[in-house]
Amino acid sequence: MSEPTPLLRVSARGLLRLRGVWLPSAVILGLLSLVLSMLYLGANNDPVGSTKDLPIALVNSDRGTEVAGQRIDLGAQIATQITGSAELRDKVSWK
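No experiment lies behind these values; they were computed from the predicted model shown.

In this structure, what is going on with the overall build of the chain? I would like to understand it.
Regarding its fold elements, the chain presents 5 helices and 2 strands. Reading the chain from its N terminus to its C terminus gives the helix and strand order α-α-α-β-β-α-α. Among the 95 residues that make up the chain, the fraction classed as buried is 4%. Just so you have it, the chain exposes about 9300 Å², and 61% of that area is on carbon and sulfur atoms.

This is the structure in structure tokens:
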């Protein structure tokens, strides 16, 4: 009968001493960090200029209600105030 093959026993300390294990991981992590930081900085370079001509929507899903026999449609009131605002008239073209 042949002898059983001994199990390979490796400790975490032994793995961390091998350059072939941690060096590629460190390089990949460093490159990934660099790419993500460049994407983050590129997105925040000019946030106001990046939002020019950004479409926005105002949705009024309010059905309103009756209180003490009087119809209250708060959603329509707020939508009218927003679309009729003098501050937003020059900045937003409502469609």
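Would you mind going over a nonpolar patch on the surface with me for this structure?
There is a patch of nonpolar side chains on the surface, built from Trp22, Leu23, Val27, Leu31, Leu34, Met38, Tyr40 and Leu41 and spanning about 840 Å² of accessible area. Its place among the elements puts Leu23 in helix H2 (residues 19-43). A residue is classified by how much of its surface remains accessible, and Leu23, at 38% relative accessible area, is partly exposed.

Any chance you could explain the confidence of the model for the chain here in plain terms?
Mean pLDDT for the chain: 81, with 89% of residues reaching 70 or above. Mean pLDDT in the chain bottoms out at helix H3 (residues 47-50), which sits at 72, and peaks at strand E2 (residues 70-72), which reaches 90.

Just checking my understanding: could you explain unusual backbone geometry for this structure?
Backbone phi values are negative for most residues with the exception of glycine, while trans is the configuration of most peptide bonds. In the Ramachandran plot, Ala68 falls in the positive-phi region, its phi being about 55° despite a non-glycine side chain. Tracing the sequence through the fold places Ala68 in the loop between strand E1 (65-67) and E2.

Quick question: what am I supposed to make of the environment of Ile82 here?
Position of Ile82 relative to the elements: it lies in helix H4 (residues 74-83). C-alpha separation for the pair Ile82 and Leu58, spaced 24 residues apart in sequence, amounts to 8.9 Å.

Got a minute to help me understand the environment of Ile72 in this structure?
Relative to the assigned elements, Ile72 resides in strand E2. Accessibility expressed as a relative area gives 33% for Ile72, which makes it partly exposed.

Reading guide: rules and limits
Here the residue index of a chain counts from 1 through its sequence in written order. Local features in a predicted model are, by the rule used here, given only for residues with pLDDT of at least 70; side-chain atom pairs are given and counted only at 80 or more, and totals for whole chains, interfaces and linings are based on all residues. Based on all heavy atoms of the structure, the side-chain values leave hydrogens and waters out of the count. In this description a helix means any DSSP run of H or I spanning at least four residues, a strand means any run of E spanning at least two, and both kinds are numbered starting from the N terminus. Burial here depends on accessible area, computed with a 1.4 Å probe over protein chains only, as a share of the maximum for the residue type. Under 20% is buried, over 50% is exposed, and the range in between is partly exposed. Each accessible area is a Shrake-Rupley result for a 1.4 Å probe, and residues are judged covered by the shown protein chains and nothing else. Think of a patch as exposed residues, more than 30% relative accessible area, with no salt bridge, where like charges cluster within 9 Å and nonpolar side chains (Val, Leu, Ile, Met, Phe, Trp, Tyr) cluster within 5 Å. Take a side-chain nitrogen of Lys or Arg and a carboxyl oxygen of Asp or Glu: if they are within 4 Å of each other, that pair is a salt bridge. What pLDDT conveys is the predictor's confidence in a given residue, as a value from 0 to 100.

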